[in-house]
Every structure is written in C-alpha cells, then in structure tokens.
Amino acid sequence: MTSDKSARTLTLNTGSAKKATADPFAPRRAPVRPPGPARAKSVSASAPKPPRDLSARQGAQRPGPGGERAERLAPRRNDPPYPLHGMPAASRPARDARPDLARVGNVRGEVRLNKRMADLGLCSRREADEWIARGWVRVNGEPAVMGMPVAPDAQVEVLPQARHQQAGQVTILLHKPMGYVSGQPEDGHEAAATLIGAPSQWRGDARHPADGRRFAPEHTRGLAPCGRLDIDSVGLLVLTQDGRIARQLIGDNSGIEKEYLVRVHWAPNGPHGSGVVTQNVQAVFPVAQLARLRHGLSLDDQPLKPAQVEWMNPEQLRFILKEGKKRQIRRMCEQVGLHVVGLKRIRIGNVVLGNLPVGQWRYLGSDERF
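All of the points below concern the structure found in this document. (Residues numbered from 1 in each chain as written. Predicted model: local features only at pLDDT ≥ 70, side-chain atom pairs only at ≥ 80, totals over all residues. Heavy atoms only, no water.)

### Overview of the pairing of strand β14 (residues 308–313)
For step 1, the next point in the chain: Of the strand pairs in this sheet, β14 and strand β15 (residues 316–321) are connected by 5 bridges, and their pairing is antiparallel. Bridge assignment links W311 to a residue of β15, and that residue is L317.
For step 2, the next point in the chain: Two successive antiparallel strands, β14 and β15, enclose a turn made up of 2 residues. (Pairing = 2+ DSSP bridges. Helix = DSSP H or I, 4+ residues; strand = E, 2+ residues; numbered from the N terminus.)

The structure is reproduced here in structure tokens:
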C-alpha cells in the first residue's frame, strides 16, 4: 500500500510570498530598458558640431534640425554692444536714433544752440542757456531744448522777455587802484567789484547818469571783469552783466586794442643787480630790444602778436596790445632787460579812462562803443 504523503507534490504560490526587505545602503541599479527596435539618429544629431564663435552668437547662419535657418541669439552680459568688423550689415543691431551731440557739426554743419546764439551776437553762451531754460528761445517756431543742435539756416527767435532782461544789464567803468584784484578775492586781497556802490560813483555820472539810470543794488550782481589788470597795476577796468560785451572784449577772436602807460627802469641784471638805470632809460636802452618788444617775443612757448611800443618820455613807454596774457607787459619787459615800476591802462577800444578818479566808477554811456 502506497502512502499519499509521498505522492504529493509541493506547490509554491509565488504571489503570496513575502518580498525581501530592500537594503537602504545598497547601490541602486539603473533601470533596464526593455528591448525594442533601434532608434534612428538624425543626420544633424550625429554630425559633429561646429566650434562656437562670437559671430554665431551675434546672429550668423548656423545649422539646425530643420535645415539652414537664421537665428539671432540674445547677447550675453560681457558681449560687446556692437558686432565686430566683417559682419554683414543686415545682421547688425539698429543704433539709437537720438542725435549724437558730441559729433554735432561733423555732417551738416550743425552746432549747439548756445554757440549759434553767441556767434550771432545775441548773447553769451551762459545767457543763452538761461534763456533756453526759461523758454525764451524758439528755433524754426518751436520751443528750444537745452543742448540741441541747429543747422546754419535755422531761424533762431528770442522772445521779448529776454530782450527786456538784457536791456536792464549794466556795464561799469572803474578806475582800479593798486592792491585790488580784477577777479575773485585771493591772498587776502579784495576784488575790485567791491568798490562798486553809491558812495564811490563818480559825481559827474551821478548828476548826469547814462540814459537816466540810477544806481541800484542789483547792478552789482553778476558783474564779470573783462580783461585782466594785475594787483599792482591801475587804470581802466570794465565790469559787465552783458555777455555780448564780455565776448567782444575777451572772446577768443577779440581784436580790441588796449593801451597802457608803462614806467620802466633799465635793469639788465635784474632789479636788484648791478647796472640799474632809473633816469633817462631811453638813452641806454638798445634800439634792437625795442624792435623785439614790438614783435619777436614769446610767452609760454607761444609767439606774441605784433604790438605797438614807443617812448612817451625817457622813463615811460606806451604799449598797445590786442591780447592779454597774464602779466604780459611785465614779462615782455623782463626779456629785454627792463623792470616795470608802474603800469596804467588808459584805453580799451574806443573807451578811455579820461578824468575818472582812482577808486571811482561810472556807467558805460549808450553812445559809447568799444
């Protein structure tokens, strides 16, 4: 008799078996992709990629999945704002349409508006900027803008408000005494403009003021000296609020004559050296050196313009210059062995110092022109 236990077959149920617990520290395996048909590679993906260069990033043609096409890439932070030389003009980025004021005048002869107004004699550049800011200037019928370029044929119009302000500006003639500086105070010395006031106005001018004009405190505001006069020199000094007169007297192209009386000593070895002559200097001064004073000297490595120089008396020369470098007459005299002991300016253009007392002033008359 055969037992049933020996005939039985052990059958395992794999679905009910428990799964082994995964080791959290065991390395993970990459998932195995099931087998399938081979994936075809495109020609563009399998082809070697060309080296990247700056021209490709600036919008040049490069291959793509769909064939050759134009593609512009956004420039990086460190890329130059404009392409290098040799790039196609069509691929260059458009430039700003705003005018380049630094290059004004290079193409159409345009200049800044304030310079054009100064060239036309309407005012100074500083006044032009002030008028433009206040809306008192129009160009071709339109309100002007600060710094705008204008063509040579542009119509520049100044409104009556500007003309009225300009009519109220004054020009003052002062007989500057020694010890005052022409411009800003320096080295403890006061500016000559501090002398302008009612007490120092010339009596003749106060009794018969030019154009019926009476002194007012606003006449001392913004006075600009027109022409240097050294601290140890005296004579005619012009101070003005009118930019047109300032440009006429000290502008780059100014040719206004300035006349001086200069007292000198003959000092070939310097004012404290040997051979100084204080009397009858004309008799010992070489004629050839007088010719050099008239033309042939240089200051600051620049040749001086011709000057008129002649003897007024044995110790005094008369200079007529058309330029005004710093301490020009004194430095000219030093080069020919003369030492200046006194200098007085008596005329600027057609305006003379006359009998105006030292330290007093008067207005420029309406009938006076430099």
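### Quick word on the nonpolar core
For step 1, the next point in the chain: Judged by nonpolar contacts, the single largest core of 24 residues is most densely connected at V264, L293, L317, F319 and L338.
For step 2, the next point in the chain: Top contributing element to this core by residue count: strand β11 (residues 258–266), with 4 residues.
For step 3, the next point in the chain: The residues touching L338, leaving out its near neighbours within four places in the chain, are V264, H265, W266, V281, F285, L293, L317 and C333.
For step 4, the next point in the chain: Of all hydrophobic cores here, the second largest spans 16 residues; its members include L122, A128, I132 and A144. (Core = buried A, V, L, I, M, F, W, Y, C linked by side-chain atoms within 4.5 Å. Buried < 20%, exposed > 50% of the residue type's maximum accessible area, 1.4 Å probe, protein only. Contact = heavy atoms within 4.5 Å.)

### Quick notes on the sheet that holds strand β5 (residues 142–143)
The strands that make up a sheet are held in pairs by hydrogen bonds between backbone atoms, and each pair lies either parallel or antiparallel.
For step 1, the next point in the chain: Taken together, the 3 strands give an open sheet; going across it, the order is β5-β4-β7, and neighbouring strands pair in antiparallel fashion. Bordering the open sheet on either side are β5 and β7 (156–158), each of which pairs with just one other strand.
For step 2, the next point in the chain: As paired elements, strand β4 (residues 137–139) and β7 share 3 bridges and run antiparallel to each other. Pairing of R138 across the sheet is with E157, part of β7.

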